[in-house]
Amino acid sequence: MGNWTRKKVAWLIIGVFLVLGLVLRIPHQPKAKQIKEAIPFPEVGERKCRQRFLAGTRTAREQIAVIKVEGEIYDRPESYYRRSPVEEIIAQLEQAREETEARGIILKIDSPGGSIIDVEKIYAKLEEVRKQKPVVALLENVAASGGYYLACAAEKIVAHPLTITGNVGAVMFLPNFGDLFEKKLGIRMKVIKSGRHKDIGSPWREMNREEEEILQRLINQAYQRFLDIVVKSRNLKPDQARLIGDGRIFSGEESKNIGLVDEIGTFDTALEIAKKLAKLKEAKAVEYYYRPNIFDLFFGYSQSRLSLPGVPKIPEAGLQYLWLPEGGIYGQ
Amino acid sequence: MDSEAPVALAPAPPFHTQYASVGLRFLAVVLDGLIFFVLFRLLRIFFPVNLPPPFVPGGSPLEFYREIMGKFMGPMILKGLFYLVITVCYKVLLVGKYGATIGKMALGLKVVKEDQSPVSYGTALIREFLVKDLIYGVLFFIAWLGYLWAFWDEKKQTWHDKIARTIVLKV
């Protein structure tokens, strides 16, 4: 073989491969992005959303996703192993948006509202979803304040004749425990503050005029925002807008006359409208839900349900699009 | 030819070569491994890794099954077969032709039949594919015993050597 003995050839080949191996940077694993998209299991803290057939044609391929917004809207996890209701709703909306078979969304709203920011989180997601698929809002028992705010993101709103809705406005509940602590419990609170209004909204003392005006300014901003959204999405005329401006509640029938909702009906009405908007003849209404697991049994869904029936709960402080917390005049 | 007592083959080799030590043979395997490693990395340019499709609830299970099989399991099995074929061809053809893989060649090792005649393709097939792939594959962990056997064997034969009736010499 001349100068090239077999041994030398072999070492040459090995050398070439060695150099190639050191020089070429070919990842032996797919890139992070591909892995993230392909993970079939939910990540820690997530729970897989399930679906069940609700109504419509069972054998149809196309689906209308039914997503529920129930109870007060706060972005607070109810237990340590679950996401907050707001995050779960957003995740469900994202799933409905991505899934090709889901052609439309029915948003079932049964909520007196909640914290402004949290309501806006869901609203923003609804706007994003609405660009791709039609959204129909179905108002159940109560869809006041924040609940109605979310309904405004939908193309069409359906309500029962006696659904309680409206309550457009912003609110802040600031309890005053001054007398309770000082007179009944004998505890006096002393507050050392850096500025006059540093402890604005303090529950230990009466609020003076100045502070009321400051807080009123905040409330007015929030109210204006809410009103603008309602007027824009429902195409309200100024006199209609004035009717709702004082934050009153309306029944379903009344709101139809004013223009706050589009149709009076039940779930089936909403389904028909959704099918029409999605240009479908037949569809399957599929409800998105989370199956409770064994932890929910032991640790319960929420630890704060300690209220006696009939005794109203002290509502959360903070800026809210809220009518009244649960236990209010509509019971629950 | 003679009517004398038949000449027995010398049991131990008064060969001018000697049996290859286990350490050298191991090193040869390591070098082969390096070649495979880089080779398959290079091939990954042309055959990118397949990922399982994400599970999205909704939709029929049959479709999902088809998608998994068609887009993921199918190509994965084909790629596995392809790599297997490459590996087997490398070992069998090189050992059959030259009596050594590239790693062994680099270290001066040679696989020959017990009477020092060169191995044929058939022997190579038995040694490399039949025993090393199939039988050791079935035996799983016990296969290590097959390789380690050369340690204390007098002719330094591993199980695949014994079955194919070969020995490995250091030239």
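Our subject is the structure that appears above.
Residues numbered from 1 in each chain as written. Chains lettered and ligands numbered in written order. Predicted model: local features only at pLDDT ≥ 70, side-chain atom pairs only at ≥ 80, totals over all residues. Heavy atoms only, no water.

Describing helix H4 (residues 116-130) of chain A
Operational definition: A helix here means a DSSP run of H or I that spans at least four residues, while a strand means a run of E at least two residues long, and both kinds are numbered starting from the N terminus. What a helix should span is 1.5 Å times the count of its residues minus one. Think of it in three bands: residues with accessible area under 20% of the maximum for their type are buried, residues over 50% are exposed, and the middle band is partly exposed, with areas taken using a 1.4 Å probe on protein chains only.
A rise of 1.5 Å per residue sets the reference length of H4(A), with its 15 residues, at 21 Å; its end C-alpha atoms lie 21 Å apart and thus fit the reference within 8%. Residues of H4(A) that are buried include every one of A:Ile116, A:Asp118, A:Val119, A:Glu120, A:Ile122, A:Tyr123, A:Lys125, A:Leu126 and A:Val129, and no others.

Quick word on the packing of helix H4 (residues 121-139) of chain B against helix H5 (residues 143-152) of chain B
Residue and element names in this part refer to chain B. The cut-off we apply is this: For helices, the axis comes from a line fit to the C-alpha atoms of the stretch in contact; other axes are also lines fit to C-alpha atoms, and the angle between any two N-to-C directions lies between 0 and 180 degrees. We call two directions roughly parallel when the angle between them is under 35 degrees, roughly antiparallel when it is over 145, roughly perpendicular when it lies between 65 and 115, and oblique otherwise. Note on contacts: a residue pair qualifies if any of its non-hydrogen atoms lie within 4.5 Å across the two residues. Classes in brief: Ala, Val, Leu, Ile, Met, Phe, Trp, Tyr, Cys and Pro nonpolar; Asp, Glu, Lys and Arg charged; the others, Gly included, polar.
Contact geometry for H4 and H5: axes closest at 7 Å, N-to-C directions at 120°. In terms of orientation, H4 and H5 fall into the oblique class. Contacts between H4 and H5 involve Lys-132, Tyr-136 and Leu-139 on the former and, on the latter, Ala-143, Gly-146 and Tyr-147. Its residues assigned to classes, the contact of H4 with H5 shows four nonpolar, one polar and one charged.

Observations regarding a nonpolar patch on the surface
Put simply, the rule is: Residues with no salt bridge and a relative accessible area higher than 30% make up the patches, which join like charges within 9 Å and nonpolar side chains (Val, Leu, Ile, Met, Phe, Trp, Tyr) within 5 Å. For every accessible area listed, the method is Shrake-Rupley and the probe measures 1.4 Å; residues are considered covered only by the protein chains on display. Salt bridges, as used here, are contacts in which a Lys or Arg side-chain nitrogen is within 4 Å of a carboxyl oxygen on Asp or Glu.
Residues A:Trp4, A:Val9, A:Leu12, A:Val16, A:Leu18, A:Val19, A:Leu20, A:Leu22, A:Val23 and A:Leu24 make up a contiguous nonpolar surface patch of roughly 880 Å² in combined accessible area. Position of A:Leu20 among the secondary structure elements: in helix H1 (residues 6-23).

Considerations on the nonpolar core
Defined as follows: Residues belong to a common nonpolar core when they are buried Ala, Val, Leu, Ile, Met, Phe, Trp, Tyr or Cys residues joined through side-chain atoms within 4.5 Å.
By size, the foremost hydrophobic cluster in this structure holds 50 residues, and its most contacted members are A:Leu150, A:Val230 and A:Ile244. One finds B:Tyr83, B:Val88, B:Ile102 and B:Ala124 within the second-largest nonpolar core, a separate group that totals 27 residues.

Things to note about empty space enclosed by the protein
Residue and element names in this part refer to chain A. This is how it is decided: Cavity means a closed set of points on a 1 Å grid over the protein atoms alone, one where a 1.4 Å probe fits but cannot get out, pocket means an open set with protein on both sides within 12 Å along at least 5 of 7 lines, and lining means a residue has an atom within 4 Å of a point. Grid points are joined across faces, edges and corners, and a volume is the space filled by probe spheres set on the points.
If you walk through the whole model with that rule in mind, you get one cavity of 30 Å³ or more. In this structure, the largest cavity occupies an estimated 40 Å³ of space. Listing elements by their share of the lining of the largest cavity, those giving two or more residues are strand E2 (63-70) and helix H3 (85-98). Top contributing element to the lining of the largest cavity by residue count: H3, with three residues. Looking at the lining of the largest cavity residue by residue, the classes come out as seven nonpolar, no polar and two charged.

Description of the pattern of salt bridges
The full count for this structure, using the stated rule, is 27 salt bridges over all chains. Of the charged contacts in the structure, one is a salt bridge between A:Arg225 and A:Glu120, with a shortest N-O distance of 2.6 Å. Of this pair, A:Arg225 sits in helix H7 (residues 209-234) while A:Glu120 sits in helix H4, and the two are 105 residues apart along the sequence. Note that B:Arg127 and B:Glu128 form a salt bridge whose closest N and O atoms lie 2.8 Å from each other. What makes B:Arg127 buried here is its relative accessible area of 1%. Because the salt bridges share partners, they merge into one network encompassing B:Arg25, B:Arg127, B:Glu128, B:Lys132 and B:Asp161.

As for the side chain of B:Asp32
Residue and element names in this part refer to chain B. Counted only if it meets this: For the purpose of charge, His is not counted, nor are the chain termini; Lys and Arg are scored as positive and Asp and Glu as negative.
Tracing the sequence through the fold places Asp-32 in helix H1 (residues 22-46). The buried charged residue Asp-32 lacks any salt bridge partner; its closest oppositely charged side chain belongs to Lys-104, at an N-O distance of 5.3 Å. What Asp-32 contacts, discounting residues up to four positions off in sequence, is Tyr-90, Thr-101, Ile-102 and Gly-103.

Focus: the packing of H1(A) against H1(B)
Quick note on the threshold: For any helix crossing, the convention is left-handed if the near helix is rotated counterclockwise from the far helix by under a right angle, and right-handed if that rotation is clockwise.
Their axes nearest at 9 Å, the elements H1(A) and H1(B) cross at an angle of 45°. Here H1(A) is positioned oblique relative to H1(B), judged by the angle of their axes. Once H1(A) is placed against H1(B), the crossing between them reads as left-handed. Along the contact surface, H1(A) presents A:Trp11, A:Ile13, A:Ile14, A:Phe17, A:Leu18, A:Leu20 and A:Gly21, while H1(B) presents B:Leu31, B:Leu34, B:Ile35, B:Val38, B:Leu39 and B:Leu42. Across the contact of H1(A) with H1(B), the residue classes break down as twelve nonpolar, one polar and no charged.

Notes on the packing of aromatic side chains
In plain terms, the rule: Only centres within 6.5 Å qualify two rings of Phe, Tyr or Trp (six-membered ring in Trp) as a pair; their planes then separate them into stacked at under 30 degrees, edge-to-face at over 60, and tilted for everything else.
This model, assessed by the stated rule, comprises 15 aromatic pairs over all chains. Where A:Phe177 meets A:Phe181, the ring centres are 6.4 Å apart and the plane angle is 45°; that geometry is what we call tilted. The interplanar angle of 70° and the centroid separation of 5.4 Å between the aromatic rings of B:Phe140 and B:Phe141 together place this pair among those described as edge-to-face. The exposed category is assigned to B:Phe140, whose relative accessible area is 57%.

A short note on the sheet that holds strand E1 (residues 18-19) of chain B
Rules: Only strands joined by at least two bridges in the DSSP assignment are considered to pair.
Taken together, three strands build an open sheet; the order of strands is E1-E3-E2 (chain B) and the sheet is antiparallel. Strand pairing shows two members of the sheet lacking a second neighbour, E1 and strand E2 (109-113) of chain B, which therefore form its edges.

Section: the environment of B:Leu148
Looking at the secondary structure, you find B:Leu148 in helix H5. Linking B:Leu148 and B:Val22, residues 126 residues apart in sequence, is a C-alpha distance of 8.2 Å.

Here's the deal with the environment of A:Glu88
All names here are of chain A. With respect to the helices, strands and loops of the structure, Glu-88 is situated in helix H3. Spatially, the C-alpha atom of Glu-88 lies 9.6 Å from that of Asp-75, the residues being 13 residues apart in sequence. Beyond its immediate sequence surroundings of up to four residues, Glu-88 is in contact with Arg-82, Arg-83 and Tyr-290.

A closer look at the pairing of strand E5 (residues 135-144) of chain A
Residues and elements named next belong to chain A. Threshold: A clockwise path from the first strand over the helix to the second, with the strands pointing away from the viewer, defines a right-handed crossover.
With eight of its ten residues buried, E5 lies for the most part within the structure. Both strand E3 (residues 102-111) and E5 contribute to a ladder of six bridges, which runs parallel. Counterpart to Ile-109 in the pairing with E5 is Leu-139. Pairing of E5 with strand E6 (residues 156-159) involves four bridges; the strand directions are parallel. Its bridge partner lying in E6, Leu-138 is registered against Val-158. A crossover connection joins E5 to the parallel E6 through helix H5 (residues 146-151); in handedness this β-α-β unit is right-handed. Pairing of E5 with strand E7 (residues 164-166), which is carried by three bridges, proceeds in the parallel orientation. For Val-142, the partnering residue across the bridge sits in E7 and is Ile-164.

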